[in-house]
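Structural features, examined
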Amino acid sequence: MDEKTLIAKRVALELQDGFLVNLGIGLPTMVAAYLPNNLNVFFQSENGIIGMSALPEQGFALGDLTDAGGAFIGALPGACAFDSATSFGLIRGGHLDVTVLGGLQVDQSGQLANWMVPGKMVPGMGGAMDLVSGAKRVIVAMQHTAKGKSKIVQKCTLPLTSVRRVDLIVTDLAVLQPSEEGLILKETAPGVSIDQVKAATDCELIIPSNVPEMQITE
Amino acid sequence: MSKLRNLEDAVAAIPDGAVLMIGGFMGAGTPHRLMNELVRQGKKGLTVIANDTARPNVGIGKLIDAKLVARLVTSHIGTNSETQRQMIAGETQVELVPQGTLAERIRSGGFGLGGVLTPTGVGTTVEEGKQTIEIDGKTYLVEKPLKADFALINAKRADYYGNVDYALTARNFNPLMAMAAETVIVEAVDIVPVGVIPPDVVVTPNVLVDYLIATENRHG
């Protein structure tokens with residue numbers, strides 16, 4: 001199993017029946033493919049739909065039915081469409097149970113930076129700032145390191161997405177839970193030791209006496 | 001008087017330097033014939049307020065390619081390398097706005113409000129130069145309303161009076177923008193007799209719509 005699949009399968013366990021969920025572009029989108037059986041989750045796409053699904057067949061592509069990346073999608077029975085103010089009212093107004101987003105950096109205080117690298121990459125924040133400010137639960141799904149450098153740092157050096165503390169960080173090495181006191185090591189990935197996680201992390205971690213191995217969906 | 005105009009005349013009414021709100025999300029729900037005609041007529045120095053600039057040669061991206069845009073207010077340009085290039089080169093002035101804030105700034109412009117208070121962006125670079133207000137212990141940014149000279153709208157259907165409905169995710173910013181501009185130009189996929197769109201289904205009321213773009217003759 002590759003690292004991204006592992007992360008997606010772990011995040012999938014965080015979703016509960018009846019949840020309204022928004023998945024970011026890229027790795028977070030993979031979570032939809034690994035939902036536990038019989039789980040009825042509503043996926044929102046912030047361009048204005050609840051009930052999006054994968055495009056059933058290429059021949060069904062419709063220019064007026066797309067996801068936030070502009071890709072063609074399908075719609076499940078019960079789907080509904082709405083304008084952008086309503087879509088972000090759902091996000092900001094506390095109606096969205098979970099958002100899963102990628103990250104560039106998360107720091108010891110649980111703050112996330114994921115929308116720009118000054119001088120290098122300025123894509124714009126899109127919906128990320130509203131999602132982190134407004135969702136009931138924010139899960140960051142990302143690789144623990146990039147180009148040999150830890151993405152878990154003492155203090156974000158990249159511009160913040162929000163000052164809100166995220167709720168959970170799932171990486172290819174560990175599951176971390178931000179708290180008032182710092183990042184708590186909740187789980188380690190299969191075959192990964194606590195020391196390996198510490199070595200790949202650029203800040204102190206709180207290590208409970210019992211750190212179980214990461215569980216994932218089938 | 002009929003609101004129907006041919007494409008060329010409707011776009012000719014847009015002067016150089018105009019402020020345009022343009023519907024669409026990565027090209028879905030963008031009025032594509034209006035985009036092509038803006039490029040053909042070579043408008044200059046436009047201000048564009050839109051969620052994104054899609055990709056090069058797609059939707060609003062065509063206005064960027066043709067260098068018609070002097071100023072852009074948008075939430076995301078990550079999918080358009082040409083927009084990023086023009087921004088970094090200083091050719092196009094770009095204001096990046098969180099997507100939900102952009103929607104609410106347009107809505108407040110069209111709904112006669114003095115702006116909105118939002119928690120989005122507090123403590124980030126988005127806060128720079130803005131007023132904050134504390135209400136019941138929570139901090140909000142004051143985000144000002146946006147208005148435009150023209151809104152360019154893509155609709156699923158318009159009736160002869162200009163009542164409009166939308167299709168699925170092609171709705172996005174369109175109904176908000178139709179409220180917030182001096183002149184509203186609607187490019188509908190179909191223009192249908194009055195009554196075909198039931199009152200309960202109308203999203204944008206006809207009084208907001210100034211021009212309807214005649215549909216292409218699909219059998220011609």
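Since we're looking at a predicted model, the values are computed, not measured.

Calculation rules
- Residues numbered from 1 in each chain as written.
- Chains lettered and ligands numbered in written order.
- Predicted model: local features only at pLDDT ≥ 70, side-chain atom pairs only at ≥ 80, totals over all residues.
- Helix = DSSP H or I, 4+ residues; strand = E, 2+ residues; numbered from the N terminus.
- Rg over C-alpha atoms; globule rule 2.2 N^0.38 Å.
- Contact = placed C-beta atoms within 7 Å.
- Nonpolar A, V, L, I, M, F, W, Y, C, P; charged D, E, K, R; others polar.
- Expected span 1.5 Å × (residues − 1).
- Buried ≥ 20, exposed ≤ 12 C-beta atoms within 10 Å, placed from the backbone.
- Core = buried A, V, L, I, M, F, W, Y, C linked by C-beta atoms within 7 Å.
- Axes fitted to C-alpha atoms, helices over the stretch in contact; angles between N-to-C directions.
- Parallel < 35°, antiparallel > 145°, perpendicular 65-115°, else oblique.
- Left-handed = near helix turned anticlockwise from the far one by under 90°.

Quick look at the overall build of chain B
Tallying secondary structure elements over chain B gives six helices and twelve strands in all. Relative to its length of 220 residues, chain B is compact, with a C-alpha radius of gyration of 18 Å against a globular reference of 17 Å. Judged by the C-alpha coordinates and their principal axes, chain B covers about 55 × 40 × 30 Å.

Some remarks on the interface of chain A and chain B
Put simply, an interface is often sized by how much accessible area is lost when its parts join up. Between chain A and chain B, the contact holds 32 residues from the first and 34 residues from the second. Looking at the side of chain A that touches chain B, the element that brings in the most residues is helix α2 (residues 84–92) of chain A, giving five residues. Its residues assigned to classes, the side of chain A that touches chain B comprises 14 nonpolar, 13 polar and five charged.

Some words on helix α5 (residues 99–110) of chain B
With twelve residues, α5(B) ought to run about 16 Å at 1.5 Å a step, and its terminal C-alpha atoms sit 17 Å apart, in line with that. Counting buried positions over the twelve residues of α5(B) gives twelve, a clear majority of the element. Packed against the buried residues of α5(B) are α2 and α3 (128–134) of chain A together with β2 (19–22), β6 (116–118), β8 (138–143) and α6 (174–177) of chain B. Phi for Gly112(B), located one or two positions after α5(B), is positive at around 75°.

Description of the environment of Asn154(B)
Note that Asn154(B) resides in strand β9 (residues 148–159). Taking the C-alpha atoms as reference, Asn154(B) lies 36 Å from Thr139(B); in sequence the two are 15 residues apart.

Quick look at unusual backbone geometry
Of all residues except glycine, most have a negative phi; of all peptide bonds, most are trans. All names here are of chain B. Its identity is not glycine, yet alanine 54 carries a phi of approximately 45°, on the positive side. Position of alanine 54 among the secondary structure elements: in the loop between β3 (46–49) and α3 (61–65). On the basis of neighbour counts, which here come to 27 C-beta atoms within 10 Å, the residue alanine 54 falls in the buried class.

Quick look at the nonpolar core
Residues and elements named next belong to chain B. One finds Met21, Ala151 and Val186 to be the most contacted residues of the largest nonpolar core, which totals 113 residues. It is β9 that provides the largest number of residues to this core, a total of seven residues. With sequence-adjacent residues up to four places away left out, methionine 21 is seen in contact with Ile49, Ala50, Ile106, Ala148, Ala151, Met177, Ala180 and Ala181.

Some thoughts on the environment of Leu68(B)
Residue and element names in this part refer to chain B. Its location among the elements puts leucine 68 in the loop between α3 and β4 (69–74). Spatially, the C-alpha atoms of leucine 68 and threonine 124 are 31 Å apart, while their sequence positions differ by 56 residues. If near-sequence neighbours (up to four positions away) are discounted, leucine 68 is found in contact with Leu38, Val39, Lys43, Lys44, Leu46 and Leu63.

Some thoughts on the packing of α2(A) against α5(B)
Viewed as axis vectors pointing N to C, α2(A) and α5(B) meet at an angle of 130°, and their least axial separation amounts to 9 Å. Here α5(B) runs oblique to α2(A), going by the angle between their axes. You can see that α2(A) and α5(B) cross each other, and the crossing is left-handed. The segment α2(A) lies against α5(B), with Ser84(A), Ala85(A), Phe88(A), Ile91(A) and Arg92(A) engaging Gln99(B), Gly100(B), Ala103(B), Glu104(B) and Arg107(B). Taken together, the residues that form the contact of α2(A) with α5(B) break down as four nonpolar, three polar and three charged.

Keep in mind these numbers describe shape, not what the thing actually does.
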